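# Remarks on the overall topology
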Amino acid sequence: MSPSPGTSSSLGADACAPPPAVPPAAVAEATVRLRAAGCVFAEEEATLLAEAAACGQGGGLAALDRLVERRAAGHPLEHVVGWAEFAGLRITVGPGVFVPRRRTEFLLTLARDLLARAPGPGPVAVDLCCGSGAAAAALAASERRAEVHAADIDPVALVWARRNLAGAGEVHEGDLYAALPAALRGRVAVLVANVPYVPTADLPLLPAEARTHEPRVALDGGDDGLVVLRRVAAQAGRWLAPGGTLLVETTGRQAETARGVLAAAGLTPALHHDEERAATVLTGTRPA
């Protein structure tokens, strides 16, 4: 078993020592079990599971045994411990929700910069296809005070989004823009849409824990991976404020086609790359 794109790195590499309630021998045994199951970062993961057993989920050794069993069976590490590190925050996650990827932090870096430069007081930021609400939570935690909204069609995901955005933003259920209050039309300064972009035929190539434990609606981008992006781009100009920007993740293989989609929708497209995170972000700005 190999970690998903968010596994291990999304939980950080600076885990502290296991709490006293979990003896080192138990952590060592957990490491052996995880390594036998194919976990590449077995020692680090065993420490994180021990911390969750002793602190977050109680029960000490018995809890650790249950957590190791789940992880060895292929559940995403973030689902097992109950959180993922993202943009300096601990995002609460669990069964049935997409795990935020560390590469998406590049998109957030760009979004936060745009938010900081947005004109007027209290600019509006929207996170479409929000999943756990990780992007919206990161925008709400930005230095620039903003009115933050998050939306998703998946009611399971929204359970986690409401937890992560409690008191920091509004969460809406529905299909893309249909979920948003009409009052936001033409006012959005930053529109983050982490749309699914994996072509349907490529879904079997994803890591097993993503295929099995993350919702298909968060992964499947249709025949060419751009079906949802086309829908988002088609209406973006109606919701963005003049000079407002749509930000989406894409891949190198899809980048030029995706750029054309945004241009055809009347947005000014630009591609951004981060080699360290292996991330490609496409932005589309509504003319001022």
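How each quantity is defined
Residues numbered from 1 in each chain as written. Predicted model: local features only at pLDDT ≥ 70, side-chain atom pairs only at ≥ 80, totals over all residues. Heavy atoms only, no water. pLDDT = per-residue confidence, 0-100. Contact = heavy atoms within 4.5 Å. Pairing = 2+ DSSP bridges. Helix = DSSP H or I, 4+ residues; strand = E, 2+ residues; numbered from the N terminus. Axes fitted to C-alpha atoms, helices over the stretch in contact; angles between N-to-C directions. Phe/Tyr/Trp six-rings, centres within 6.5 Å; stacked < 30°, edge-to-face > 60°. Buried < 20%, exposed > 50% of the residue type's maximum accessible area, 1.4 Å probe, protein only. Lys NZ or Arg CZ within 6 Å of the ring centre and 35° of its normal. Core = buried A, V, L, I, M, F, W, Y, C linked by side-chain atoms within 4.5 Å. Expected span 1.5 Å × (residues − 1).

Residues of the chain with pLDDT of at least 70 account for 91%, and the chain-wide mean is 91. Confidence drops under pLDDT 50 across residues 1-9; counting only partners more than four residues distant or on other chains, this segment forms 37 contacts.

For the rest of this paragraph, the subject is the sheet that holds strand 6 (residues 188-193). Strand order across the open sheet formed by seven strands is 5-4-3-6-7-9-8, with mixed pairing between neighbours. Unpaired on one side and paired on the other, strand 5 (170-173) and strand 8 (268-274) mark the two borders of the sheet. Along the sheet, successive strands turn relative to each other by an average axial angle of 20°, direction set aside. Contacts from helix 7 (residues 155-164) reach strand 4 (147-152) and strand 5 within the one sheet, and its direction differs from that of strand 5 by about 175°.

What follows covers the packing of aromatic side chains. All told, the structure shown has one aromatic pair when counted by the stated rule. Centre to centre, the rings of tyrosine 177 and tryptophan 239 are 5.6 Å apart; their planes meet at 10°, and the pair counts as stacked. A residue pair is termed long-range when its members are at least 10 positions apart, and tyrosine 177 in the loop between strand 5 and strand 6 and tryptophan 239 in helix 9 (residues 227-239) qualify at 62 residues. We note that tyrosine 177, like tryptophan 239, is buried. The ring centre of tryptophan 83 lies 3.6 Å from the NZ or CZ of arginine 90, which sits over that ring.

Okay, the nonpolar core next. Core analysis: the biggest nonpolar cluster contains 34 residues, and Phe86, Leu108, Leu139, Val190, Val192 and Leu247 have the highest contact counts within it. If you list the elements that add at least two residues to this core, you get helix 5 (104-117), helix 6 (134-140), strand 4, helix 7, strand 6 and strand 9 (279-285). Beyond its immediate stretch of four places on either side in the chain, leucine 247 contacts Leu107, Leu110, Ala111, Leu114, Val190, Leu191, Val192, Ala193, Val281, Leu282 and Thr283. In this structure, Ala193, Leu226, Ala236 and Leu262 belong to the second largest nonpolar core, which totals 30 residues.

Moving on to helix 5. Between its terminal C-alpha atoms helix 5 stretches 20 Å, which fits the 20 Å expected from 14 residues at 1.5 Å a residue. For helix 5, the set of buried residues is Thr104, Glu105, Phe106, Leu107, Leu108, Leu110, Ala111 and Leu115.

Let us look at the environment of alanine 125. Within the secondary structure, alanine 125 sits in strand 3 (residues 124-128). Sequence spacing of alanine 125 and valine 97 is 28 residues, and the spatial spacing of their C-alpha atoms is 22 Å. Beyond its immediate stretch of four places on either side in the chain, alanine 125 contacts Leu115, Leu139, Glu147, Val148, His149 and Val190.

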